[in-house]
Amino acid sequence: MTVTVIWLIAFALILFFSLRMWESSVSAGLNKVVPRAIKSDDGNRWVWSLALAILGATTLVRPIDMLLTAIVIAILGLIIKKVAGWAMDRANFH
């Protein structure tokens, strides 16, 4: 129960501050990090703020789980990249 309350408080605070500071810092920071196809504009401010609040609150409450998830995703991405490179080398495009 305590973890849920802490998560809800963290979620609410991160959501509030990301919406409040959208124009000054959050939008500019996201635009530096994400690809051009998914840039943050005013139409996406709620979607990005909700996503940031969920990830931030979960990271505050369960940091080891989030770290391990990021490591697993990075390893899977590396494996997929290596297999795709190997498959492209083996493919005959003539």
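The structure this text deals with has already been given above.
Since the structure is predicted, the reported quantities are computational estimates derived from the model, not experimental observations. (Residues numbered from 1 in each chain as written. Predicted model: local features only at pLDDT ≥ 70, side-chain atom pairs only at ≥ 80, totals over all residues. Heavy atoms only, no water.)

Peer 1: Looking at this structure, how should I read the overall build of the protein?
Peer 2: Looking only at helices and strands, the protein has four helices and zero strands in total. Ordered by position from the N terminus, the helices and strands of the protein form the series α-α-α-α. Taken against the 2.2 N^0.38 rule, which gives 12 Å for 94 residues, the C-alpha radius of gyration of the protein at 18 Å runs more than 25% over that of a compact globule. With respect to the principal axes defined by its C-alpha atoms, the protein has extents near 55 × 35 × 15 Å. Within the protein, the fraction of its 94 residues that count as buried is 17%. (Helix = DSSP H or I, 4+ residues; strand = E, 2+ residues; numbered from the N terminus. Rg over C-alpha atoms; globule rule 2.2 N^0.38 Å. Buried < 20%, exposed > 50% of the residue type's maximum accessible area, 1.4 Å probe, protein only.)

Peer 1: Before we go on, may I ask you to explain the environment of V26 in this structure?
Peer 2: Counting through the fold element by element, V26 comes out in helix 2 (residues 22-33). Linking V26 and F93, residues 67 residues apart in sequence, is a C-alpha distance of 45 Å. Excluding residues that lie within four positions of it along the chain, V26 makes contacts with S18, M21 and L52. (Contact = heavy atoms within 4.5 Å.)

Peer 1: Got a minute to help me understand the pattern of salt bridges in this structure?
Peer 2: Pairing between side chains becomes possible if they bear opposite charge and their charged atoms approach one another. On inspection of all chains with the given rule, the structure shows one salt bridge. The residue D65 makes a salt bridge to R62 at a minimum N-O spacing of 2.7 Å. Taking relative accessible area as the criterion, D65 reaches 35% and is therefore assigned partly exposed. According to the relative accessible area criterion, R62 is partly exposed, its value standing at 45%. (Salt bridge = Lys/Arg side-chain N within 4 Å of Asp/Glu carboxyl O.)

Peer 1: What is the right way to read helix 1 (residues 2-20) from this model?
Peer 2: The terminal C-alpha atoms of helix 1, which comprises 19 residues, lie 27 Å apart, in line with the 27 Å expected from a rise of 1.5 Å per residue. Buried residues in helix 1 make contact with helix 2 and helix 3 (45-61). (Expected span 1.5 Å × (residues − 1).)

Peer 1: Looking at this structure, how should I read the packing of helix 1 against helix 3?
Peer 2: Helix-helix packing is characterised by the crossing angle of the two axes and by the distance between the axes. Two elements in contact, helix 1 and helix 3, have axes whose closest approach is 8 Å; the angle formed by their N-to-C orientations is 145°. Helix 1 and helix 3 meet at a crossing whose hand is right-handed. Each of V3, I6, W7, A10, F11, I14, L15, S18 and L19 in helix 1 lies in contact with helix 3, whose residues at this interface are R45, W46, S49, L50, L52, A53, I54, G56, A57, T58, L60 and V61. Partitioning the contact of helix 1 with helix 3 into residue classes produces 16 nonpolar, four polar and one charged. (Axes fitted to C-alpha atoms, helices over the stretch in contact; angles between N-to-C directions. Left-handed = near helix turned anticlockwise from the far one by under 90°. Nonpolar A, V, L, I, M, F, W, Y, C, P; charged D, E, K, R; others polar.)

Peer 1: Would you mind going over the packing of aromatic side chains with me for this structure?
Peer 2: Two aromatic rings are characterised by how far apart their centres lie and by the angle between their planes. Summed over all chains, the structure comprises two aromatic pairs. Judged by centre distance (5.2 Å) and plane angle (5°), the rings of W7 and F11 are stacked. You can see W7 and its partner F11 sitting in helix 1, four residues apart, about one turn around the helix. Accessibility expressed as a relative area gives 25% for W7, which makes it partly exposed. Seen from their ring centres, F16 and F17 are 5.1 Å apart, and the 70° between their planes marks the pair as edge-to-face. Overall, F16 belongs to the partly exposed group, its relative accessible area being 46%. (Phe/Tyr/Trp six-rings, centres within 6.5 Å; stacked < 30°, edge-to-face > 60°.)

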